[in-house]
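The residues making up each chain are set out below.
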Amino acid sequence: MLMEPIPYFAFRDFPVGSEAAVQQALLQAVAGKSYILGKELKHFEEAYAGYLGAKAAVGVGNGYDALVLALKAVGVGPGDEVVLPVHTFIATINAVLQVGAKPVLVEPDTKTCNITAATVAPAVTASTKAIVPVHLYGQVCEMGPLLQLARAHNLRIVEDAAQAHGARYENKFAGTFGDAGAFSFYPTKNLGALGDAGAVVTNDEAIAQFVQMYRNYGEAQKYRSEVVGVNSRLDELQAAVLRVKLQNLDQLNAERQRLAAIYKEELQGTEELVLPVTAPGCGHVYHIFSIRTRRREALQQWLRVQGIYTAVHYPVPVHLQPAYRFLGHKAGDFPVAEELAQTSLSLPLFPGLKQHEQERVVDMVRKFFR
Ligand SMILES: *Cc1c(COP(=O)(O)O)cnc(C)c1O
């Protein structure tokens, strides 16, 4: 009997009725006939800031722009060094390069896969201007010690919270610890639009105002340019979708956490398999459920033959990508990140994944190691 393939990710109607609600919101926004910088955006920005307990959320075109604008807003530019993880999606380093700063890559913690004060501290120099903690896979970095380190050296913090909507560290939300937090609402993110979208979140009025201006050509008011800005606006249709989906964010994250707990329970004790580890106080919303094994290629191939699709986050660490050769790194410079690149495998985990599907993934992973 041929089994239905199990996708790595799929858009499903979870919770049931949410697709219809999104379509309804879209129709309403279309009927509103105001498509850029209108009331839908304003409502979403207020709702998202309110949800996170932050002073302001400013909608922008995508997560990359959110990082770039946040870095600019906190004053990062040419001559500055910015410390960021080597184990991340390339958007993080590209944003640092875009503002003309020098990226300084650091290793993640072996267990959590996130950077920590301990891995960042040795990289801080007199030229360091900012740290960009990435809450990778949906787990918040250990922010307490990172904030202390930043304070001690007068460094700005811009959080890359693109994978961590609604994740908490000691009862505060990812994206609200530093000077600014950058979010992506790419469709597959925990809070996703139906296209590109992003936001900068901050408790600093001046940073919010700068991003509001900069995203709209630098205009403080119509035809009055204060800075040379760009066009990076979050449009009304996406804002309308996001506002509706935000109402389900906690439920979506709870479902991801439920699925993650099942994977952890069912796969624990499997020899040669390292399961995700959370640090004390660090919430995890499982944007990605990444396991580790030295037999990654074989496991992925075996699952593929069973019709189970997986992903690798990320197969080539930033410092070994051709595009970043100019940074002067070589294989061996970041052994932890290189090991992660070779051993990580992300299992299917998304709201709407069915019980029989997850059971089959578990069975087949177990079978491979038996
Ligand atoms: C998705 C993502 C981004 C970029 O978001 P886009 O909206 O695709 O530009 C940045 N950083 C991380 C860690 C991401 O996962």
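What counts and how
Residues numbered from 1 in each chain as written. Predicted model: local features only at pLDDT ≥ 70, side-chain atom pairs only at ≥ 80, totals over all residues. Heavy atoms only, no water. UniProt positions renumbered as here; feature names shortened; annotations may be inferred. Helix = DSSP H or I, 4+ residues; strand = E, 2+ residues; numbered from the N terminus. Rg over C-alpha atoms; globule rule 2.2 N^0.38 Å. Buried < 20%, exposed > 50% of the residue type's maximum accessible area, 1.4 Å probe, protein only. Areas by Shrake-Rupley, 256 points an atom, 1.4 Å probe, with all protein chains shown as cover. Lys, Arg positive; Asp, Glu negative; His and termini not counted. Charge placed at Lys NZ, Arg CZ, Asp CG, Glu CD. Near = heavy atom within 4 Å. Polar contact = N/O pair within 3.5 Å; in protein donor to acceptor, adjacent residues only side chain to side chain. Nonpolar A, V, L, I, M, F, W, Y, C, P; charged D, E, K, R; others polar. Salt bridge = Lys/Arg side-chain N within 4 Å of Asp/Glu carboxyl O. Pairing = 2+ DSSP bridges. Axes fitted to C-alpha atoms, helices over the stretch in contact; angles between N-to-C directions. Contact = heavy atoms within 4.5 Å.

- Per an unreviewed UniProt entry, the chain carries the name DegT/DnrJ/EryC1/StrS family aminotransferase and comes from Pontibacter saemangeumensis.
- According to the UniProt record, the Sequence similarities (unreviewed entry) comment for the chain is "Belongs to the DegT/DnrJ/EryC1 family."

## Details of the overall build of the chain
In step 1: Secondary structure summary: the chain contains 12 helices and 13 strands in total.
In step 2: Here the C-alpha radius of gyration of the chain, 21 Å, is about what a compact globule of 370 residues would show, namely 21 Å.
In step 3: For the chain, with 370 residues in total, the buried portion stands at 57%.
In step 4: On the chain, roughly 16300 Å² of surface is accessible, and the fraction owed to carbon and sulfur atoms is 52%.
In step 5: When the 35 positive and 36 negative side-chain charges of the chain are each reduced to one mean point, those points stand 1 Å apart.

## Some thoughts on the site of the ligand
In step 1: Around the ligand, a shell composed of Asn 62, Gly 63, Tyr 64, Phe 89, Ala 91, Val 134, Asp 160, Ala 162, Gln 163, Ser 184, Tyr 186 and Lys 189 is seen.
In step 2: Within the backbone of Gly 63, one N or O atom sits 2.8 Å away from an oxygen atom of the ligand.
In step 3: Between Asp 160 and the ligand, the recorded distance is 2.8 Å, taken from a side-chain N or O atom to a nitrogen atom.
In step 4: For the ligand, the accessible surface in isolation is 380 Å², of which the surrounding protein chains cover 90%.
In step 5: Taken together, the residues of the shell around the ligand break down into six nonpolar, four polar and two charged.

## As for the pattern of salt bridges
In step 1: Following the criterion strictly, the structure yields 13 salt bridges and no others.
In step 2: Across the pair Lys 102 and Glu 81 runs a salt bridge whose closest N-O atoms are separated by 3.9 Å. Placement of Lys 102 in strand S3 (residues 102-106) and of Glu 81 in strand S2 (residues 81-85) is noted, with a sequence separation of 21 residues between them.
In step 3: Judged by its relative accessible area of 13%, Glu 81 falls in the buried class.
In step 4: Linking Asp 333 and Lys 330 is a salt bridge whose minimum nitrogen-to-oxygen distance equals 3.0 Å.

## Let's talk about the sheet that holds strand S9 (residues 198-202)
In step 1: Here seven strands make up an open sheet; going across it, the order is S1-S9-S8-S5-S4-S2-S3 and the pairing mixed. Edge positions in the sheet fall to strand S1 (56-60) and S3, since each has one partner strand and no second. Adjacent strand axes in the sheet meet at a mean angle of 25°, parallel and antiparallel pairs treated alike.
In step 2: In terms of strand pairing, S2 meets S3 through five bridges, oriented parallel. Note that in S3 the partner of Pro 85 across the bridge is Val 106.
In step 3: The strands touched by helix H2 (residues 39-52) within the sheet are S1, strand S8 (180-184) and S9, with S1 carrying the most contacts at an inclination of about 135°.
In step 4: Strands S2, S3 and strand S5 (156-160) of the sheet are contacted by helix H4 (residues 91-98), whose axis makes an angle of about 150° with S3.

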